[in-house]
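Below are the chains, spelled out letter by letter.
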Amino acid sequence: MSELENILHQVTKPARYTGGEWNSIVKDWDKTGIKIALAYPDLYELGMSNLALPILYDLLNRQPDVLAERVYAPWVDMAAVMQTKGIPLFSLESRHPLKDFDIIGFSLGYELTYTNVLNMLHLSPIPVLASERNDSHPIVIAGGTCVLNPEPMADFIDLFVIGDAEEVLLELLDSFRDWKQPGKKAPRKRLFRQAATIPGIYVPSLYTVEYQADGLFKSITPTVAQASPTVQRRIVTKLPPPVTRPVVPYVEVVHDRGAIEVQRGCSRGCRFCQAGTIYRPVRERPQEEVIQAVGELITNCGYDEVSLVSLNTSDYPHIDKLVANLSHRYRHHNLALSLPSLRIDSFSVKLMDSLSSRRKTGLTFAPEAGSERLRCLINKSILEEQLLETAAAAFDRGWTSLKLYFMLGLPTETTDDIENIIQLINKVSALGRKVKGKRPHIRVSLATFVPKPHTPFQWVAQEDEPQLNSKHELLKQGLRGKGIGLSWTDPKVSQLEAVLSRGDRRLGKVIYRAWQPGSTFDAWSEHFNYENWLHAFEEAGLESGFYNRRERPLDEPLPWSHIDVGITTAFLKREYQRALAGRETPDCRHEACNVCGLERWQPQCRQKYQKLSQSKR
Ligand code: SF4
């Protein structure tokens, strides 16, 4: 019996660590030149529901000289046993320790997983600080939405992949192959300099950061000729082939179904939404490709439920036809389709109604704000009438359970806006009660506004904890005893998320000091230790409020300004000012180009922009 099998009975859900799942790929370790560990800094059940990792796993394993294996953050019980027994963190496929890989690639999608990155490196064991690693250690890379402001993690990561990884990763591999040639033994610094010449690769150690005397961020400057002053986000013009042979978990995971990415990007332009800017422009997968991919998923994985994934699935052209075609084509497979992220309109209700009855568990809509004024400000203009019509259509068609998402602390939000949320929910609930013999079940989820980098609200201050708590209180009072379920994010968690997403390189010290005495799994309420973080800020001589509670002047240098996502600062400023003036910006998919900056890079945008210029002449 192996050492691993000896300890599995001591931990919860041992299947998280055994590997061997259906469709997992095990290549010959000794005969494969480049070994990559794809690391997800959270639980297996969450990582196995992530859409990006299967794409990279598939892409990398298609390279004959590359093996890509998976590793997830071991839950606290497993991490403790591993440390006691001296078992290093290992990959699921071949169970090799992470320190034996050439490259460790972390996926960073949520700032509250940062301490898990440190912990995974520590358990591997690999020095946590990039400056303490040498040529005997793996290269540690990271990608994902968080790295659009890579600075807070710059102390721990050797190089960041900015934007769509599908093409740039292969280019990075070419550099790696060249560097690793037998007998060539160049120091890793040479690889870093070469990698820095690849568009979309950011090597933080090749830059120097300066701060002003008052502590404000001043500049970030390359120290070598190979590093560019700005790093452009990589954008694939065509979506990569869908993954139709993903690894099928043995234990229940968060999204326990097949998934096909039907489109990437969203053109709606909600001003609080970072995904809306950093995934632009919209790229659609042709219907035929989706239909074929669903068939392959059924055959290769045995799934009878498939999710059509995108940031806004109801915007996919002719989605109703796609759903009808899929339902018809796979009618003998009892296929259930799932459509996340739907628009608030009766079309969406009809669309959901056309799905198999197995999907009729609940409908989810995100009005985000209670008043039309505030919805206009965030550029998510939905009339109350339209919202109520949608709810009425849902109840009429037999839905009894509705979930509504709101965001608290949006710029200019007042108590009136909170009262509007209460009134709106009450009206929806009253509509449900009108249906004879049914009791509506309304669940309300309250998120906190986080002013994210690269959005029109990146300069805005976040509300503090007492302000948010009093809004929660107001909502609790206003909705008490009406059969309405209310859930909310802990304001402390949102504060930390904002700080880490808007931070500069100095935050590395804070993350390190929070991790050292034990902060891990910060995204899990039972493990979130805010006091520990406050202490870490104190020790690092920094103030958290400096990062999230301060409105930044529009001309203040921002720590993420060297990351060029393609959307210009001029556009973001324009959008911010339009927001404050209560002016909407139309969806560029259906209306004219809004000149967000991508017309400089993207052929489809250039065409739209040219049309706009011609119409103005
Ligand atoms: S450049 Fe124009 S068409 Fe392209 S995403 Fe930006 S606003 Fe839309």
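These remarks concern the structure in this document. (Residues numbered from 1 in each chain as written. Predicted model: local features only at pLDDT ≥ 70, side-chain atom pairs only at ≥ 80, totals over all residues. Heavy atoms only, no water.)

1. Some thoughts on the sheet that holds strand β17 (residues 441–448)
Okay, so step 1: Taking strand neighbours across the sheet as the criterion, the four strands line up as β15-β16-β17-β18 in an open arrangement whose pairing is parallel. Looking at which strands have only one partner, the edges of the open sheet turn out to be β15 (363–368) and β18 (484–488). Each neighbouring strand pair of the sheet contributes to a mean axis angle of 20°, computed without reference to strand direction.
Okay, so step 2: With five bridges connecting them, β17 and β18 associate as parallel partners. Looking across to β18, one finds that Ile 442 is bridged to Ile 484. (Pairing = 2+ DSSP bridges. Helix = DSSP H or I, 4+ residues; strand = E, 2+ residues; numbered from the N terminus. Axes fitted to C-alpha atoms, helices over the stretch in contact; angles between N-to-C directions.)

2. A short note on the site of the ligand
Okay, so step 1: Around the ligand sit Arg 280, Cys 588, Cys 593, Asn 594, Val 595, Cys 596, Leu 598, Glu 599, Cys 605 and Lys 608, and those are all the residues in its vicinity.
Okay, so step 2: Within the shell around the ligand, the residues separate by chemical class into six nonpolar, one polar and three charged. (Near = heavy atom within 4 Å. Nonpolar A, V, L, I, M, F, W, Y, C, P; charged D, E, K, R; others polar.)

3. As for the sheet that holds strand β13 (residues 305–309)
Okay, so step 1: Taking strand neighbours across the sheet as the criterion, the three strands line up as β10-β13-β14 in an open arrangement whose pairing is parallel. Because the sheet does not close on itself, it has two edges, and the strands there are β10 (258–261) and β14 (336–338). Strand-to-strand twist of the sheet, defined as the mean angle between neighbouring strand axes without regard to direction, takes the value 25°.
Okay, so step 2: Along the sheet face, helix α10 (residues 287–301) touches β10 and β13 and points at about 160° away from the line of β10. (Contact = heavy atoms within 4.5 Å.)

4. Some points on the packing of aromatic side chains
Okay, so step 1: On inspection of all chains with the given rule, the structure shows 16 aromatic pairs.
Okay, so step 2: Both rings, one in Tyr 40 and one in Tyr 72, keep their centres 6.5 Å apart while their planes meet at 55°; by these two values the pair is tilted. Here Tyr 40 is found in strand β1 (residues 34–40), whereas its partner Tyr 72 is found in strand β2 (residues 66–72), with 32 residues between them in sequence. Here Tyr 40 matches Tyr 72 in class, with each residue buried.
Okay, so step 3: Among the aromatic side chains, those forming a connected cluster through ring pairs are Phe 449, Phe 457, Trp 459 and Tyr 576.
Okay, so step 4: The positively charged end of Arg 506 is found above the aromatic ring belonging to Tyr 211, 3.8 Å away from the centroid. (Phe/Tyr/Trp six-rings, centres within 6.5 Å; stacked < 30°, edge-to-face > 60°. Buried < 20%, exposed > 50% of the residue type's maximum accessible area, 1.4 Å probe, protein only. Lys NZ or Arg CZ within 6 Å of the ring centre and 35° of its normal.)

5. Description of the pattern of salt bridges
Okay, so step 1: Enumeration over the complete set of coordinates arrives at 43 salt bridges.
Okay, so step 2: Its salt-bridge partner being Glu 111, residue Lys 452 comes within 2.9 Å of it at the nearest N-O pair. Here Glu 111 lies in the loop between β3 (103–107) and α6 (114–123) and Lys 452 lies in the loop between β17 and α16 (465–478), a separation of 341 residues in the sequence. Here the two residues Lys 452 and Glu 111 agree in accessibility, since each one is buried.
Okay, so step 3: We note a salt bridge from Arg 268 to Asp 315, for which the minimum N-O separation is 2.8 Å. On the criterion of sequence distance, the pair formed by Arg 268 in the loop between β11 (263–264) and α9 (274–278) and Asp 315 in the loop between β13 and α11 (319–329) is long-range, its members being 47 residues apart. (Salt bridge = Lys/Arg side-chain N within 4 Å of Asp/Glu carboxyl O.)

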